[in-house]
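The chain contents come next:
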2 protein chains.
Amino acid sequence: MSDNLLQHINNPSDLRQLDEVQLPQVAKELRDFIIDVVSVKEGHLGASLGVVELTIALHYVFNTPNDLLVWDVGHQAYGHKILTERRENFHTNRQLNGISGFPKRGESVYDTFGVGHSSTSISAALGMAIASNLKGDIEKHHIAVIGDASIASGMAFEGLNHAGVTDANLLVILNDNAIGIDPSVGALKKYLTAVKEGKNPKQNNIIKSLNFDYSGPIDGHDIPSIIKELKRLKKVKGPKFLHIVTTKGKGLQQAEVNQVQYHAPGKFDAITGNIIPKSEENLPPKYQDVFGLTILDLAKANEKIIGITPAMPSGSSLKFMMDAFPKRAFDVGIAEQHAVTLSAGMATQGMVVFCNIYSTFLQRAYDQVIHDVALQNLPVIFCLDRAGLVGEDGATHHGVFDLAYLRCIPNMIIYSPLNEIALQNILYTAQLGLNHPIAIRYPRGRGQFVDWQFQQFGNYEKIEIGKANCLKKGTKVAVLSNGTIGNTVTLALAKIKNQEDFAHYDFAFVKPLDEKLLHTIFKEFKTIITVEDGVIKGGFGTAILEFSAKNNYTSILKTLGVPDEFIEHGTVNELQQYCSIDVKSLSTIFSNY
Amino acid sequence: MSDNLLQHINNPSDLRQLDEVQLPQVAKELRDFIIDVVSVKEGHLGASLGVVELTIALHYVFNTPNDLLVWDVGHQAYGHKILTERRENFHTNRQLNGISGFPKRGESVYDTFGVGHSSTSISAALGMAIASNLKGDIEKHHIAVIGDASIASGMAFEGLNHAGVTDANLLVILNDNAIGIDPSVGALKKYLTAVKEGKNPKQNNIIKSLNFDYSGPIDGHDIPSIIKELKRLKKVKGPKFLHIVTTKGKGLQQAEVNQVQYHAPGKFDAITGNIIPKSEENLPPKYQDVFGLTILDLAKANEKIIGITPAMPSGSSLKFMMDAFPKRAFDVGIAEQHAVTLSAGMATQGMVVFCNIYSTFLQRAYDQVIHDVALQNLPVIFCLDRAGLVGEDGATHHGVFDLAYLRCIPNMIIYSPLNEIALQNILYTAQLGLNHPIAIRYPRGRGQFVDWQFQQFGNYEKIEIGKANCLKKGTKVAVLSNGTIGNTVTLALAKIKNQEDFAHYDFAFVKPLDEKLLHTIFKEFKTIITVEDGVIKGGFGTAILEFSAKNNYTSILKTLGVPDEFIEHGTVNELQQYCSIDVKSLSTIFSNY
């Protein structure tokens, strides 16, 4: 009978039927369930293991979904999903048409706020709490669960700063495990560590200074303690703050020890925890490693090079440079705004700054790109990893807006390399010194050349800014592609019968455009097709339309890319198929010309 | 001789020749100079008066421009400009081809970082300080001067959080006057007030918790005190924080008493301080007041309406609703990110949220618009004041990117009213309930109808979402305009001879487009001209290009708008002229068809 509790819990009402002493057993089963499924189906692991007890306690004490629970970031919410009517679908996690890897309003009434990007939970829950107050529902509870990496982001501070002067029924729970995806950084982290070690007084701390009722730190794996404290806090009106201490990866020894690796470990043995090695032989390099290895190599020769990442040293592979040049490579935490303006400040002093931010997260620093970098025409080098469709992380994480939102900014150079050689060369070119800021966007995943590191690495060639290239000649239709989707175009063209009709051009630069070549193309071709892995509204294809209109060309133009809707999760190939920019769809489209 | 000091100070080297006891006299002269010029030439007043002593002390103690001084926001930097080689040009402040109202790198070596938007100074100065460290220049000082409203913004916290764990030679000076443009708000403000009143211990405060060497609060108008403390701090290595207390508007009694009004008072009597009244008779209403009065009126009938502004209650005229419904209208401080996600949280609970943010400042919350509002399709109503060219505030403040950066976001409705009646009606329509978020953009300045408030106010008409209107019929050329620039088009068309050739359509909705009407137009007209007061790259005209390409139309399209460069300061009319979208330029262009 001991493993029978979880299977009878369909939703928190069932959980609340149990006696409190049964909850540790539920925790064990829930943890095992997460491990069993994630070990086979992959996904985020460590974060959810760390909050198993908290998740159970929250749904046990509070009357969810009437009480409103917001998970920050949301990759720790697997236990929440399993306890809230999604146990039986949990094996479809992150798959096309399956459940999302993050809380999502459309998926469940228990998912009160869609998340994915960090540090939104306090603002969202405060908004809900103020709304409840206005509706006269002063008994309803509003809970934001936020990690110590996320709470150090400026947006979270803005939420705390506002909440502290309201009488909103808001409970912020700090899940302090000293790590986000990589270990947390910054002065606040240092301070929280001192608090946990008893070195800072509880009665006069930062959180109390912001007018919160502070309690903790308490052990976040001790269910009775958490329940006792949550029950006490239920009776406290106004903004409250509970500091709990947890261990990321709790309950799976290897995940506790190797927290970065077990954030999202891929497949592993559910019993031993051993990661099942993927064969990396005969695979091209990941783009992130092309960036990481190249900037490291360039930094050896150019001492003005600086690397900056907001909390993604592993994901961006800036860690290589951080290990080799710790004084010149910085993880600034989840602080995209600061990262960009810090880069601008450094650039004013002649440093060559590579600011590496995932495409989707640069949205967090849009004003800083415009106001602090582009307006001052500072030659900051933005490296936008995870550009285009990112696959399983889904709608919150696709890097599909960047071409559109960057293209309207004066002074910006925008470049999407066709492959890892082009990425290496543009990194080399950028550090030679540019007259403008540049955004270099490249996708999640791997490049084209198995032997890149042996054959091409370090053989740098300077790229001429604004120059496009002809990849294939043709007679009737010109296909213009931007970035790595060009390789998909090449494969699609290889599959069709009327290949000789199609010319193919690599327009890596979306800005400035190669207008000279465009004039040639528009004079030669009556039909032009653009292909990109970003939104068609405002992106690369649109830039070609603007060129055409400006010059009164009359060629027929078709723009292919991501349609004007949010794209859900699935494999990259499935999503490209949905957008008709995979090999098969493209070859079908081409065949019809 | 007593008033002769300032005229001999060309730059800080001259200042540093003086004896310290002469500095109060310099302060008096500098303050009088600012008052004299601003009283006639207009501009920001109160902020600069408040930091006269600090400005003098900084340039006296530090070796500017070798030591690097960054002013946050920068509207307090008039004294700085006058002391750094711009006294004789100061009368050109904010005028076309004159000096900028904000520090600007291209203008002076003393302006180390261009500013305008708030809360960037700590990140920028930290970047400079780290760069100096790396270059081995460990004696150089890096100073960020930031107000208490600006330091409460998340970005400033991110800078502090990073700086606190560096050994950077950074001095952050908090200019605490308890007001930004409007009075400061939030828990941090409350805390700082308690610090000033001696109610909080200095030894264990928030700033110290973030690992800064904290000193203060000291009187920011007492030059000897400031100089003494700055000299001490020069010898302290690492991140330092000086808390000074000042009075905004210091030295002009009325400016001290009416701090909001004297932030930028327009023309006034330099002796008495009396504002010279502008005749408002026979002037149409300001768009901000149309918003403010209308939302107040609508809120009386619809209790679900909530108003939110990040630190612009006066500028947005949300103050009307804040006065009448203090529980339903919120100034959240300089916290655009929080403002948007707070709105999203409220919207999940069925509230009708008007989130009023200047167009240029919505750039600060771009990710929140995408990730927290549009992705979840929450019907938040964004009111973007100061859209288009804003005039004298210049390059940092023009609201010209919004159409381009919003148009690529799925689910968004984008509407630019033609006039105050249309603005009132779209506000009315939005609160009836929409299925999507909407961005309503309107300009700085005044509308079209002197008698709006008497004739039209409150006579609401529901607007059909996506519908465009024909303003004028014509035979050869169709002019499609978006927003209030349509009135300029009307005036331009009235001036030309071949008027009957031109049809004119008001495409207030940039998204969704009125495709039905567009089909009619494209079938009827061989030449189509679009006019907008935003960037032509990616904006309204581009949307029409995309429609045309998608439907294989072959009409000749010309897009008029703001070119792909940063536009400097000047009057709106001068800047429209520069962009060829003023009445005269448009009529010349039209005449050539």
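Engineer: Could you give me a rundown of the overall build of chain A, with the residues and numbers involved?
Structural biologist: Within chain A, the regular secondary structure consists of 25 helices and 17 strands. Reported as C-alpha extents along the three principal axes, the dimensions of chain A are approximately 75 × 50 × 50 Å. Residues counted as buried form 67% of the 593 residues belonging to chain A. Residue pairs at least 24 apart in sequence account for 76% of intrachain contacts in chain A once pairs closer than 6 positions are excluded. For chain A, the accessible surface area stands at approximately 20000 Å², while carbon and sulfur atoms represent 49% of it. Taking the average place of the 56 positive charges on the side chains of chain A and the average place of its 61 negative ones, the gap between the two points comes to 2 Å.

Engineer: Which residues make up empty space enclosed by the protein, and what values go with them?
Structural biologist: Gaps between atoms show up when a probe of the same size as a water molecule is rolled over them. Enumeration over the complete set of coordinates arrives at 10 cavities of 30 Å³ or more. Estimates place the volume of the largest cavity at around 270 Å³. For the largest cavity, the lining is made up of 18 residues, of which A:Ser548, A:Tyr553, A:Ser555, B:Ser548 and B:Tyr553 are closest to its centre. If you list the elements that add at least two residues to the lining of the largest cavity, you get helix H23 (540-550) and strand S17 (556-562) of chain A together with helix H23 (540-550) and strand S17 (556-562) of chain B. For the lining of the largest cavity, a count of residues per class yields 10 nonpolar, eight polar and no charged. Every residue lining the second largest cavity is listed: A:Ile151, A:Phe157, A:Leu160, A:Leu174, A:Leu188, A:Leu192, A:Ile206, A:Ile207, A:Leu210, A:Phe241 and B:Phe157. Residue assignment for the lining of the second largest cavity shows that the elements contributing at least two residues are helix H7 (154-163), helix H8 (187-196) and helix H9 (206-209) of chain A. Of the residues contributing to the lining of the second largest cavity, the split by class is 11 nonpolar, no polar and no charged.

Engineer: Describe the relation of the copies chain A and chain B, and please don't skip the residues or the numbers.
Structural biologist: Mapping chain A onto chain B is achieved by rotating through 180° and translating by 0.0 Å along the same axis, at an RMSD of 0.0 Å. What the rotation and shift describe, once combined, is the action of a two-fold rotation axis. Taking C-alpha positions as the reference, the residue of chain A nearest the rotation axis is A:Gly154, at 1.7 Å. The overlap is high: 100% of the interface residues of chain A also sit at the interface in chain B, so the same surface is used on both sides.

Engineer: Report on the sheet that holds strand S8 (residues 352-356) of chain B, specifying residues and quantitative values.
Structural biologist: All names here are of chain B. Pairing is mixed across the open sheet formed by seven strands, whose spatial order is S7-S6-S8-S9-S11-S10-S15. Pairing within the sheet leaves two strands with one partner each, and these edge strands are strand S7 (329-331) and strand S15 (509-511). In this sheet, adjacent strand axes meet at a mean angle of 20° when their direction is disregarded. Across four bridges, strand S9 (residues 381-384) lies against strand S11 (residues 438-441) in parallel orientation. Each residue of the ladder has a partner; that of Ile381, found in S11, is Ile438. Strand contacts of helix H19 (residues 420-432): strand S6 (305-309), S8, S9, strand S10 (413-415), S11 and S15, with the helix running at about 165° to S11, the strand carrying the most contacts.

Engineer: Tell me what's going on with the packing of aromatic side chains, and back it up with residues and numbers.
Structural biologist: Inspection of the entire model under this criterion finds 41 aromatic pairs over all chains. A centroid spacing of 6.0 Å and a plane angle of 25° characterise the contact between A:Phe547 and A:Tyr553, whose relative ring orientation is stacked. In this structure, A:Phe547 and A:Tyr553 share a single accessibility class: buried. An aromatic cluster is built from A:Tyr366, A:Tyr405, B:Tyr366 and B:Tyr405, whose rings are joined through pairwise contacts. Against the face of A:Phe325 rests A:Arg328, its NZ or CZ located 4.6 Å from the ring centre.

Engineer: Break down the packing of helix H15 (residues 336-348) of chain A against helix H6 (residues 121-134) of chain B for me, with residues and values.
Structural biologist: Following both chains from N to C, one finds H15(A) and H6(B) inclined at 50°, their axes separated by 7 Å at the closest point. One element, H15(A), and the other, H6(B), form an angle in the oblique class. Here H15(A) and H6(B) pass one another in a crossing that is right-handed. Touching A:His338, A:Thr341, A:Leu342, A:Gly345, A:Met346 and A:Thr348 of H15(A) are B:Ser123, B:Ala124, B:Leu126, B:Gly127, B:Met128, B:Ile130 and B:Ala131, all from H6(B). In terms of residue class, the contact of H15(A) with H6(B) is made up of seven nonpolar, six polar and no charged.

Engineer: Before we move on, can you summarise the interface of chain A and chain B with the specific residues and values?
Structural biologist: Facing 99 residues of chain A, the contacting portion of chain B comprises 99 residues. Summed over both partners, the interface of chain A with chain B comes to about 8300 Å²; 65% of that surface belongs to carbon and sulfur atoms. Applying the counting criterion to the chain A and chain B interface returns four salt bridges. The partner of A:Lys511 in a salt bridge is B:Asp564, with the nearest N and O atoms 3.0 Å apart. For the pair chain A and chain B, the number of links is 30 residue pairs in polar contact (both at pLDDT 80 or more). The greatest single-element share of the side of chain A that touches chain B, amounting to nine residues, is contributed by H15(A). Residues that form the side of chain A that touches chain B fall into these classes: 50 nonpolar, 33 polar and 16 charged.

Engineer: Any details on the nonpolar core? Residues and values, ideally.
Structural biologist: Core analysis: the biggest nonpolar cluster contains 238 residues, and A:Phe382 and B:Phe382 have the highest contact counts within it. Residue contacts for B:Phe382: discarding those within four places in its chain leaves B:Val340, B:Cys355, B:Leu362, B:Val369, B:Val373, B:Met412, B:Ile438, B:Ala439 and B:Ile440.

Engineer: Break down the side chain of A:Thr530 for me, citing the residues and quoting the values.
Structural biologist: Take A:Thr530: it is sitting in strand S16 (residues 527-535). Not counting the four nearest positions on each side in its chain, A:Thr530 is found in contact with A:Leu480, A:Phe540, A:Gly541, A:Ile544, A:Leu557, A:Lys558, A:Thr559 and A:Leu560.

Engineer: Give a detailed account of the environment of A:Arg105, specifying residues and quantitative values.
Structural biologist: Within the secondary structure, A:Arg105 sits in the loop between helix H5 (78-86) and helix H6 (121-134). By relative accessible area, which is 33% here, A:Arg105 ends up partly exposed. With residues near it in sequence (within four places) discarded, A:Arg105 still touches A:Asp111, A:Thr112, A:Phe113, A:Gly114, B:Thr348, B:Gln376 and B:Leu378. A distance of 3.0 Å separates the side chain of A:Arg105 from the backbone oxygen of A:Thr112, its partner in a polar contact.

Engineer: Let's hear about the sheet that holds strand S12 (residues 469-472) of chain B: which residues, and what values?
Structural biologist: Residues and elements named next belong to chain B. What the five strands build is an open sheet, ordered S12-S14-S13-S16-S17; its pairing is mixed. In this open sheet, the two edge strands, each paired with only one partner strand, are S12 and S17. Between one strand axis and the next, the sheet turns by 25° as a mean value, whatever way the strands run. Taken together, the three bridges between S12 and strand S14 (residues 502-506) define a ladder with antiparallel strand orientation. Across the sheet, residue Lys472 finds its bridge partner in S14, namely His504. Most of the contacts of H23 go to strand S16 (residues 527-535), to which it runs at about 140°, and overall it touches strand S13 (477-481), S16 and S17. Contacts between helix H25 (residues 583-591) and the sheet are confined to S13, S14, S16 and S17, with S17 contributing the most and set at about 170° to the helix.

Engineer: Describe the pairing of S17(A), naming the residues involved and giving the relevant values.
Structural biologist: All names here are of chain A. Direction of pairing for S16 relative to S17: parallel, over a ladder of six bridges. When the bridges of S17 are listed, Ile529 appears paired with Lys558. The handedness of the S16 to S17 crossover, carried by H23, is right-handed.

Engineer: Outline helix H25 (residues 583-591) of chain A, listing residues and values.
Structural biologist: Looking only at H25(A), the buried set comprises A:Ser585, A:Leu586, A:Ser587, A:Ile589 and A:Phe590. On the buried face of H25(A), the contacting elements are strand S13 (477-481), helix H21 (485-495), strand S14 (502-506), S16, S17 and helix H24 (572-578) of chain A.

Engineer: I'd like a rundown of the pattern of salt bridges, residues and numbers included.
Structural biologist: Per the counting criterion, the structure on display carries 42 salt bridges over all chains. Here B:Glu229 ties to B:Arg232 by a salt bridge, and the two come within 2.8 Å at their closest N and O atoms. Taken together, the residues span about one helical turn, with B:Glu229 and B:Arg232 both in helix H10 (residues 223-234) at a distance of three residues. Here B:Arg232 falls in the partly exposed class, since its relative accessible area comes to 37%. Across the salt bridge formed by B:Asp385 and B:Arg386, the nearest N and O atoms sit 2.9 Å from each other. Each member of the pair, B:Asp385 as well as B:Arg386, is classed as buried. A cluster of three or more residues bridged by salt bridges with shared partners is formed by A:Lys81, A:Arg86, A:Glu107 and A:Asp111.

Engineer: I'd like a description of unusual backbone geometry, backed by residues and values.
Structural biologist: The omega torsion of the bond from A:Lys511 to A:Pro512 falls at -5°, within 30 degrees of zero and hence cis. Among the structural elements, A:Pro512 can be located in the loop between strand S15 (509-511) and helix H22 (515-524). Looking along the chain, the bond that leaves B:Gly216 and enters B:Pro217 is cis, with omega of -5°. Within the secondary structure layout, B:Pro217 lies in strand S4 (residues 213-219). Although it is not a glycine, A:Asn97 sits at a positive phi angle of roughly 70°. A positive phi angle, near 70°, is found at B:Glu85, a position not held by glycine. Counting through the fold element by element, B:Glu85 comes out in helix H5 (residues 78-86).

What counts and how
- Residues numbered from 1 in each chain as written.
- Chains lettered and ligands numbered in written order.
- Predicted model: local features only at pLDDT ≥ 70, side-chain atom pairs only at ≥ 80, totals over all residues.
- Heavy atoms only, no water.
- Helix = DSSP H or I, 4+ residues; strand = E, 2+ residues; numbered from the N terminus.
- Buried < 20%, exposed > 50% of the residue type's maximum accessible area, 1.4 Å probe, protein only.
- Contact = heavy atoms within 4.5 Å.
- Areas by Shrake-Rupley, 256 points an atom, 1.4 Å probe, with all protein chains shown as cover.
- Lys, Arg positive; Asp, Glu negative; His and termini not counted.
- Charge placed at Lys NZ, Arg CZ, Asp CG, Glu CD.
- 1 Å grid on protein atoms, 1.4 Å probe; cavity = no way out; pocket = protein on both sides within 12 Å on 5 of 7 lines; lining within 4 Å.
- Points joined across faces, edges and corners; volume = space filled by probe spheres on them.
- Nonpolar A, V, L, I, M, F, W, Y, C, P; charged D, E, K, R; others polar.
- Least-squares fit on C-alpha atoms with pLDDT ≥ 70 in both.
- Pairing = 2+ DSSP bridges.
- Axes fitted to C-alpha atoms, helices over the stretch in contact; angles between N-to-C directions.
- Phe/Tyr/Trp six-rings, centres within 6.5 Å; stacked < 30°, edge-to-face > 60°.
- Lys NZ or Arg CZ within 6 Å of the ring centre and 35° of its normal.
- Parallel < 35°, antiparallel > 145°, perpendicular 65-115°, else oblique.
- Left-handed = near helix turned anticlockwise from the far one by under 90°.
- Buried area = accessible area lost by both parts, 1.4 Å probe.
- Salt bridge = Lys/Arg side-chain N within 4 Å of Asp/Glu carboxyl O.
- Polar contact = N/O pair within 3.5 Å; in protein donor to acceptor, adjacent residues only side chain to side chain.
- Core = buried A, V, L, I, M, F, W, Y, C linked by side-chain atoms within 4.5 Å.
- Right-handed = clockwise from strand over helix to strand, strands pointing away.

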